[in-house]
Amino acid sequence: MASSTLKQALDGLDKDSFVALLSKLIGESKHVQNNPPDLIPEEDRIVGHVLASLLPLSTSTGGGPLVVNHVNYFPNRGNLIVEYPGTEPGKILSFVGMHMDVVTANPSDWDFDPFSLSIDGDKLRGRGTTDCLGHVALVTELMKRLGETKPKLKSTVVAVFIASEENSSIPGVGVDALVKDGLLNKLKQGPLFWIDTADKQPCIGTGGMIPWKIHVTGKLFHSGLPHKAINPLELSMEALKVIQLRFYKDFPPHPKEQVYGFATPSTMKPTQWSYPGGGINQIPAECTVSGDVRLTPFYDVPVVMKKIQEYVDELNANIEKLDSRGPVSKYVLPDENLRGRITVSFNEASSGVACDLDSRGFHVLCKATEDVVGHVKPYSITGTLPLIRDLQDEGFDVQTAGYGLMATYHAKNEYCLLSDMCQGYQVFVSIICQLED
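Residues numbered from 1 in each chain as written. Predicted model: local features only at pLDDT ≥ 70, side-chain atom pairs only at ≥ 80, totals over all residues. Heavy atoms only, no water.

Re the pairing of strand β6 (residues 156-162)
Here comes step 1: For β6, the buried fraction is high: seven of the seven residues fall into the buried class.
Here comes step 2: Side chains Thr156, Val158, Val160 and Ile162 project from β6 onto one buried face, and the interleaved Val157, Ala159 and Phe161 project onto a second face that is buried too.
Here comes step 3: Bridging between strand β2 (residues 77-84) and β6 involves five bridges; their strand directions are antiparallel. Within β6, the residue paired with Ile81 across the bridge is Val160.
Here comes step 4: By the bridge criterion, seven bridges tie strand β3 (residues 92-99) to β6 in an arrangement that is parallel. Paired with His99 across the strands is Ile162, a residue of β6. (Buried < 20%, exposed > 50% of the residue type's maximum accessible area, 1.4 Å probe, protein only. Helix = DSSP H or I, 4+ residues; strand = E, 2+ residues; numbered from the N terminus. Pairing = 2+ DSSP bridges.)

Structure (structure tokens):
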């Protein structure tokens with residue numbers, strides 16, 4: 001089918017249908033919050049509404065060409081694979097990553113009800129409008145239109161709606177299980193567009209994350225006799241300064257970060273501090289500083305973790321040489337054969353992603369964005385999308401985009417713009433048309 005005819009057949013987003021579906025999905029958002037063990041989402045509540053739109057146009061009911069596969073690995077936690085068959089074997093494109101869980105929302109913190117859709121002009125408001133129920137509704141509308149108009153395409157178009165993106169503490173629920181079972185293998189034959197970013201531009205790079213915890217042991221004593229204590233708070237501050245300085249020396253800004261447009265280089269910083277408690281006149285015995293490394297994808301996560309461990313080992317071996325604070329501040333008490341001690345531990349780490357800038361999928365996405373939005377400016381951030389790195393490592397050509405708003409991502413008073421979603425739909429249609437040529 002000629003591109004112009006195909007575009008005319010698929011036309012623009014049916015706004016009324018989209019908003020009606022999104023209203024149903026946001027109405028379920030309270031039940032798909034993902035924060036185990038307290039909140040375990042029931043993604044099948046979302047699946048039910050998507051199926052209500054698409055099953056009447058499916059081979060399951062005999063009403064149309066859509067091939068629908070509802071896949072569950074846990075009760076009430078389904079994934080949905082929807083396929084519009086093309087005519088050429090091996091020619092395929094896919095839209096993946098539209099996840100059916102959301103982050104938590106506290107209604108008392110919001111200016112409107114997060115768990116029902118409200119409309120304020122162009123704003124569609126509610127938890128999940130930007131991340132990611134808005135995209136679930138958008139791609140559902142795309143597949144519905146394909147099922148209704150039945151254009152003759154060379155390419156098979158596949159949509160994969162997934163469970164369990166917002167929290168990975170319960171494995172084997174979502175896209176990881178689909179990949180393990182081989183249900184997405186044929187998607188490797190064409191570009192895979194991960195639809196879960198924001199701001200209408202291609203996101204071509206993401207960061208890796210290494211959560212770390214530095215525990216410091218000193219000696220508890222009265223603060224009026226500080227010479228008899230080892231102050232773990234002071235030790236942790238001085239040690240962390242050395243660790244950070246060495247990190248930035250060993251992992252400086254990488255030349256490729258400019259090519260990919262990363263907003264920041266790799267960073268290491270503390271974000272939490274804790275100690276067991278005690279009086280203001282007590283120097284505590286221990287404290288813990290926690291934080292993360294955000295790593296651009298041009299450095300290897302295991303190498304960084306090994307380096308940080310080396311920094312800590314060298315500090316422990318030479319702790320008496322570390323800068324102290326004031327005339328009686330010290331980290332060694334020779335008479336008592338005591339030395340301050342630093343340990344580091346890591347939680348589950350993930351690697352970043354650098355999309356293939358030479359792939360057909362990238363070029364098609366850029367042209368579609370430029371034609372529809374009016375300009376194209378790919379960007380990269382050191383936020384993490386570990387699932388797409390896993391897909392890339394499995395051999396998928398992953399490109400990413402999204403049509404919510406980064407400013408409201410995971411935020412209170414979340415919203416998206418209907419006009420942005422309309423442009424997202426047009427981008428999808430342009431991608432399909434271009435890949436027919």
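Overview of the packing of aromatic side chains
Aromatic ring pairs: the centre-centre distance and the angle between the two ring planes describe each pair.
Here comes step 1: According to the stated counting rule, one finds nine aromatic pairs in the structure shown.
Here comes step 2: On the basis of an interplanar angle of 85° and a centroid distance of 5.4 Å, the ring pair of Phe251 and Tyr299 is categorised as edge-to-face. You can see Phe251 sitting in the loop between α6 (232-250) and α7 (255-260) and its partner Tyr299 sitting in the loop between β13 (286-295) and α8 (301-317), a full 48 residues away along the chain.
Here comes step 3: Given the relative accessible area of 17%, Tyr299 is considered buried.
Here comes step 4: Judged by centre distance (5.7 Å) and plane angle (85°), the ring pair of Tyr403 and Phe428 falls under edge-to-face. Residue Tyr403 is found in the loop between β19 (397-401) and β20 (415-417), and its partner Phe428 is found in helix α11 (residues 418-434); the two are separated by 25 residues along the sequence. Taken individually, Tyr403 and Phe428 each receive the classification buried, so the pair is uniform in this respect. (Phe/Tyr/Trp six-rings, centres within 6.5 Å; stacked < 30°, edge-to-face > 60°.)

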